[in-house]
Amino acid sequence: MVDSTSISPATPQPLLDIANLNVYYGESHILRSVDLSVGPGKMVCLIGRNGVGKTTLLKTILGLLTPRTGMITLEGTPLRRKTPDQRARMGIGYVPQGREIIPGLTVQENLILGLEARPQGRGKSQTIPEQVFQLFPVLQSMLGRMGGDLSGGQQQQLAIARALMGSPRLLVLDEPTEGIQPSIILEIEAAVRRIIETTGVSVLLVEQHLHFVRQADWYYAMQKGGIVASGPTSELSNQVIQEFLAV
Amino acid sequence: MLTSLFNSFFDGISIGSVLLLSALGLAVVFGLMGVINMAHGELMMLGAYTTFVVQNAFKPLGQPWFGAYIFVALIAAFLVTALLGLVLEKGVIRHLYGRPLETLLATWGVSLILQQFVRSVSWVMMLGLVVFCGFFFGAMTLLSRRSHFQRIRGWAITMLLPLSAGIAWAASSTLGQKYQLAVTKPWFGAQNVDVTAPGWLRGGIRLLGAYQMPYVRLFILSLTIICILGMYVFLQRSVWGLRIRAVTQNRSMSACLGIPTQRVDALTFALGSGLAGIAGCAVSLLGSVGPNTGQNYIVDTFMVVVVGGVGKLVGSIAAAMAIGIANYLIGANALSPLVAWFPPLANLLEFFANSSMAKVLVFALIVTFLQFRPAGMFPQKGRTVDA
Ligand SMILES: Nc1ncnc2c1ncn2[C@@H]1O[C@H](COP(=O)(O)OP(=O)(O)O)[C@@H](O)[C@H]1O
Ligand SMILES: [Mg+2]
């Protein structure tokens, strides 16, 4: 039950707004009438067990999948006819599940590619901002390595850094702690928090770790392709956690 | 005996370099889009015809200038075929993305059109084409500025298509009646045409013993090396090269990073086509050129791409050289002295010792090789194009 009254006329226009979204894979109905919104500067977390359609939703936001019906807007602009690369240049940064580091390119080249999403084009700048290395010091010593040779945790940090290079307005993260050793999870969590503090970017996060989920302002819980609960994360009850987190 | 082996090795390399030059464009396009462009051979053929045209334009200039025509021809062949490649990508291939079989069929259709085109192109036909394209696309461009274009698009096409075709037909037939044969005679016709190599490319240098390496072959070898190096530097050092490498390895993630994948496709296809044009220019130096010239190359170049493995320049290089040398060793029966002590094997090799039978054996070897290494000599690590 989406609490639609929570977006009263007084609240500012949401950065990302999704209304009545239905997505199919062939004939199987994956997303069912999904409504979701992310306010400016807010961190929103999407939870739900494996296979409920979280990744499908994010891919649809990025334009990798085409919805059958429904509406996605970014600051009021409908995204329907935009290709994924146009959406990236409109300010959506994507850290996909499985990280999708380009294996045959060096860490430096992977980072430089992140500049493609800058709205003003990459310009002449090919330099990697110092801020990236402050967030992820481990990357500095690995610039010449192939992306495919990095460990899972390093690849995850690279994926986040790469998305950051494009100065996004909305950062979309799909299970950034999946399959990563606990000490690195805390590092990644801290980095995301610092990114939000310093850049004011809005975040849409899919996550299974309760500790990380609690950092968000708002949560949506998904079941069988539909949103079944939502609210401030401070009110996240044990019952909801039991039901929707694979812990 | 060693000399003869060495000579066949050198001949093999020079055949391999022609193969490589013609396969280079195909390999880059196949790596990026997973598309085999069946019209690649015809693009080569057009490059060869462009060379013929440039050569004829240079003939009246006399000696010192005529010797330089080949460089102008190389550039012209590149530009003509690259432009055509761009049109082909925007007009046909883009609309068939993700459907490799349809793409194969469509590009095969294009190859037939191009073959017939060089047979029958004349001033009248050219004028008709220009008038048609001018009217149709001009009107469409004007109309597309209007806000309600999407609604009237279907109507506009049904109205404009016969209209522009009619005007084009009227214009060309009036011209044809007025000037008769002067404008209706085909430019090239169905016969083969001959490109003469510039004077400084005739003859050759003596290597070992009586063996002569023709200058033309050396020229093609250096051209191949220059193209490979140029391609390598472009892919490794330039912004567009980085984009091409990224899209080749992971298309959807590259798009999500903001890389304009459609423009990357168009540029790569134009580049691959331009390389076909250069290859065609080189091939025209080796023998006469006809509308069917391209067909002789598409199978060989396709084999180079498949044997080399997708998305790796070094794979194409190794495969082209291996196929070239194998072809020559078998075709010229250069191995016979080595196996003379074992008559059955010697007889078998003797049986395959002509160019068409050599192709059969090489093809069989390739099929066997692919049974063991289906991804080619240098398979790409990690994801492939369609993953
Ligand atoms: N490429 C695909 N083709 C068909 N079905 C798919 C595909 N990808 C995912 N699915 C199905 O869609 C559903 C949702 O998947 P997904 O969005 O990946 O779930 P989650 O990210 O929540 O674990 C699953 O039932 C899955 O089997
Ligand atoms: Mg998922």
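## Examining the pairing of strand 9 (residues 218-223) of chain A
Residue and element names in this part refer to chain A.
Here is step 1: Pairing analysis gives four bridges linking strand 3 (residues 43-47) to strand 9, with the strands arranged parallel. Of the residues in strand 9, the one forming a bridge with Leu46 is Tyr220.
Here is step 2: In the sheet, strand 9 pairs with strand 10 (residues 226-232) via six bridges, with the strands oriented antiparallel. Paired with Tyr220 across the bridge in strand 10 is Ser230.
Here is step 3: Hairpin geometry of strand 9 and strand 10 is characterised by an intervening segment of two residues between the two adjacent antiparallel strands and by a positive phi of about 50 degrees at Lys224.

## Focus: the sheet that holds strand 5 (residues 77-78) of chain A
Residue and element names in this part refer to chain A.
Here is step 1: Strand order across the open sheet formed by four strands is 2-1-4-5, with antiparallel pairing between neighbours. Strand pairing shows two members of the sheet lacking a second neighbour, strand 2 (28-38) and strand 5, which therefore form its edges.
Here is step 2: Across the sheet, helix 1 (residues 54-62) is in contact with strand 1 (16-25), strand 2 and strand 4 (69-74); its angle to strand 1 comes to roughly 115 degrees.

## Regarding the site of ligand 1
Residue and element names in this part refer to chain A.
Here is step 1: Around ligand 1, the neighbouring residues are Tyr25, Ile30, Arg49, Asn50, Gly51, Val52, Gly53, Lys54, Thr55 and Thr56.
Here is step 2: Between ligand 1 and Val52, the relevant distance is 3.4 Å, taken from an oxygen atom to a main-chain nitrogen or oxygen of the residue.
Here is step 3: Between ligand 1 and Thr56 there is a distance of 2.5 Å, counted from an oxygen atom to a side-chain nitrogen or oxygen.
Here is step 4: Broken down by element, the residue count for the shell around ligand 1 peaks at three residues, all from helix 1.
Here is step 5: A breakdown of the residues in the shell around ligand 1 according to their chemical character gives three nonpolar, five polar and two charged.

## Comments concerning the packing of aromatic side chains
Here is step 1: Applying the stated criterion to the full structure yields 12 aromatic pairs over all chains.
Here is step 2: With 5.8 Å between their ring centres and 10 degrees between their planes, Phe71 of chain B and Trp200 of chain B make a pair best called stacked. Residue Phe71 of chain B is located in helix 4 (residues 69-91), and its partner Trp200 of chain B is located in the loop between helix 8 (181-184) and strand 1 (204-206); the two are separated by 129 residues in the primary sequence.
Here is step 3: Judged by relative accessible area, which is 43%, Phe71 of chain B ranks as partly exposed.
Here is step 4: On the accessibility criterion, Trp200 of chain B (42% relative accessible area) is partly exposed.
Here is step 5: Look at Phe71 of chain B and Phe219 of chain B: their rings are 6.4 Å apart centre to centre, the planes differ by 75 degrees, and that puts the pair in the edge-to-face class. Placement of the pair is Phe71 of chain B in helix 4 and Phe219 of chain B in helix 9 (residues 215-237), with a sequence separation of 148 residues.
Here is step 6: In this arrangement the basic side chain of Arg68 of chain A is found over the ring face of Tyr24 of chain A, its NZ or CZ atom lying 3.7 Å from the centre.
Here is step 7: Its end group placed over the ring of Trp240 of chain B, Arg243 of chain B keeps NZ or CZ at 4.4 Å from the ring centre.

## Focus on the interface of chain B and chain A
Here is step 1: The interface is formed by 19 residues belonging to chain B together with 22 residues belonging to chain A.
Here is step 2: Carbon and sulfur atoms supply 63% of the area buried between chain B and chain A, which totals about 1800 Å² over both sides.
Here is step 3: If you sort the residues of chain B by the area they bury against chain A, Met253, Cys256 and Leu257 of chain B come out on top, with a joint share of 33%.
Here is step 4: At the surface where chain B touches chain A, the tally comes to two salt bridges.
Here is step 5: For the pair chain B and chain A, the number of links is seven residue pairs in polar contact (both at pLDDT 80 or more).
Here is step 6: For the side of chain B that touches chain A, the elements supplying multiple residues, two or more each, are helix 10 (239-249) and helix 11 (251-256) of chain B.
Here is step 7: Among the elements that make up the side of chain B that touches chain A, the one with the highest residue count is helix 10 of chain B (six residues).

## A look at the coordination of the magnesium ion (ligand 2)
Here is step 1: Bound to the magnesium ion (ligand 2) are the protein donor atoms Thr55 of chain A (OG1) and Gln97 of chain A (OE1), situated 1.9 to 2.2 Å from the metal. Placement of the pair is Thr55 of chain A in helix 1 and Gln97 of chain A in the loop between strand 6 (92-95) and helix 3 (107-114), with a sequence separation of 42 residues.

## Regarding the pattern of salt bridges
Here is step 1: Applying the stated criterion across every chain yields a total of eight salt bridges over all chains.
Here is step 2: A salt bridge links Glu116 of chain A to Arg243 of chain B; the nearest nitrogen and oxygen atoms lie 2.7 Å apart. Of the two residues, Glu116 of chain A is situated in the loop between helix 3 and helix 4 (130-135) and Arg243 of chain B in helix 10; the pairing between them involves two chains. Note on accessibility: Glu116 of chain A and Arg243 of chain B belong to one class, buried.
Here is step 3: For Lys359 of chain B, the salt bridge is made with Asp300 of chain B, and the minimal N-O distance between the two is 3.6 Å.

Reading guide: rules and limits
- Throughout, a residue's number is its position along its own chain's written sequence, starting from 1.
- Lettering for chains starts from A, numbering for ligands starts from 1, and both go in the order in which the items are written.
- Given that this is a predicted model, residues contribute local features only at a pLDDT of at least 70 and side-chain atom pairs are listed and counted only at 80 or more, while totals for whole chains, interfaces and linings are drawn from all residues.
- Side-chain measures were taken over the full set of non-hydrogen atoms in the model, leaving aside hydrogen atoms and water.
- Any two strands are treated as partners once DSSP identifies two or more bridges connecting them.
- Only DSSP runs of H or I covering at least 4 residues are called helices, and only runs of E covering at least 2 are called strands; the numbering of each starts at the N terminus.
- By definition in these notes, contact holds between two residues if any of their heavy atoms fall within 4.5 Å.
- Axis geometry follows a simple rule: fit a line to the C-alpha atoms, using only the stretch in contact for helices, then measure angles between N-to-C directions, giving values from 0 to 180 degrees.
- For this description, a residue counts as near a given molecule or strand if any of its non-hydrogen atoms is within 4 Å of it.
- Any N or O atom pair separated by 3.5 Å or less is treated as a polar contact, with the protein-specific requirement of one donor-capable and one acceptor-capable atom, and with residues adjacent in sequence counted only for side-chain atom pairs.
- The nonpolar class holds Ala, Val, Leu, Ile, Met, Phe, Trp, Tyr, Cys and Pro. Asp, Glu, Lys and Arg form the charged class, and all remaining residues, Gly among them, are polar.
- For this analysis, a ring pair means two rings from Phe, Tyr or Trp (six-membered ring only for Trp) whose centres lie within 6.5 Å, classed as stacked if their planes differ by under 30 degrees, edge-to-face if by over 60, and tilted for the remaining angles.
- Only protein chains enter the calculation, and the probe is 1.4 Å; a residue is then buried if its accessible area is under 20% of its type maximum, exposed if over 50%, and partly exposed in between.
- Only when the NZ atom of a Lys or the CZ atom of an Arg is both within 6 Å of the ring centre and within 35 degrees of the ring normal do we say a charge sits over the ring.
- Simply put, the buried area is the total loss of 1.4 Å probe accessible area from both parts when two parts are fitted together.
- We define a salt bridge as a contact between a side-chain nitrogen of Lys or Arg and a carboxyl oxygen of Asp or Glu at a distance within 4 Å.
- Listed donor atoms are N, O and S within 2.8 Å of the metal (Na, K and Ca: 3.2 Å). As water is not included, a site may look incomplete.

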